[in-house]
Amino acid sequence: MQEAPHIGKLIKEELARQGRSVRWLAEQVGCTRQNMHYLLGRSFIYTDVLLKIIAVR
């Protein structure tokens, strides 16, 4: 069975690809930088938070 992807790692990789910081994403979503680092360190993210991140352009 294939292991599920680490969503936080994938989001960090995409931020790096776009040349954006975790601080920038935190500001867009409306949370603290520390909280965003915590969220991105997890292997899963709740759907409501993930939808906020996806909506950021």
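Conventions and cut-offs
Residues numbered from 1 in each chain as written. Predicted model: local features only at pLDDT ≥ 70, side-chain atom pairs only at ≥ 80, totals over all residues. Heavy atoms only, no water. Helix = DSSP H or I, 4+ residues; strand = E, 2+ residues; numbered from the N terminus. Buried < 20%, exposed > 50% of the residue type's maximum accessible area, 1.4 Å probe, protein only. Contact = heavy atoms within 4.5 Å. Areas by Shrake-Rupley, 256 points an atom, 1.4 Å probe, with all protein chains shown as cover. Lys, Arg positive; Asp, Glu negative; His and termini not counted. Charge placed at Lys NZ, Arg CZ, Asp CG, Glu CD. Core = buried A, V, L, I, M, F, W, Y, C linked by side-chain atoms within 4.5 Å. Axes fitted to C-alpha atoms, helices over the stretch in contact; angles between N-to-C directions. Parallel < 35°, antiparallel > 145°, perpendicular 65-115°, else oblique. Nonpolar A, V, L, I, M, F, W, Y, C, P; charged D, E, K, R; others polar.

Enquirer: So what's going on with the overall build of the protein? Which residues, and what values?
Expert: What the protein contains, in helices and strands, is four helices and zero strands. Starting at the N terminus and walking to the C terminus, you meet the elements of the protein as α-α-α-α. Taking the principal axes of the C-alpha coordinates as reference, the protein spans close to 35 × 25 × 20 Å. A buried classification covers 28% of the 57 residues belonging to the protein. Sequence-distant contacts, at least 24 apart, represent 59% of the contacts inside the protein between residues at least 6 apart. Accessible surface for the protein amounts to roughly 4,400 Å². Of this, 54% is attributable to carbon and sulfur atoms. Looking at charge distribution, the protein has the averaged site of its 9 positive side-chain charges lying 5 Å from that of its 5 negative ones.

Enquirer: Break down helix 2 (residues 22-29) for me, with residues and values.
Expert: Those residues of helix 2 lying buried are Val22, Trp24, Leu25, Ala26 and Val29. Looking at the packing, one finds that the buried side of helix 2 touches helix 1 (7-18), helix 3 (33-40) and helix 4 (47-55). Downstream of helix 2 by one or two residues, Gly30 has phi in the positive range, about 90°.

Enquirer: Go over the nonpolar core with me, naming the residues and quoting the values.
Expert: Grouped together as the largest cluster of nonpolar side chains are 14 residues, with contacts concentrated most on Ile11, Leu15, Leu25, Val29, Met36, Leu40 and Ile53. Every element with two or more residues in this core is listed here: helix 1, helix 2, helix 3 and helix 4. Apart from the residues lying within four places of it in its own chain, the contact partners of Leu40 are His6, Gly8, Lys9, Ile11, Lys12, Leu15, Val22 and Ile45.

Enquirer: If you had to explain the environment of Lys9 to someone new, which residues and values would you point to?
Expert: With respect to the element layout, Lys9 can be found in helix 1. Taking C-alpha positions, Lys9 is 8.4 Å from Arg42, a pair spaced 33 residues apart along the chain.

Enquirer: Tell me about the packing of helix 2 against helix 3, residues and numbers included.
Expert: Closest axis-to-axis distance for the helix 2/helix 3 pair is 8 Å, and the angle between their directions is 105°. On the basis of the axis angle, helix 2 is roughly perpendicular to helix 3. Contacts from Val22, Arg23, Leu25, Ala26 and Val29 in helix 2 reach Arg33, Met36, His37 and Leu40 in helix 3. Of the residues that constitute the contact of helix 2 with helix 3, the class distribution is six nonpolar, one polar and two charged.

This is a description of form; function is not addressed.
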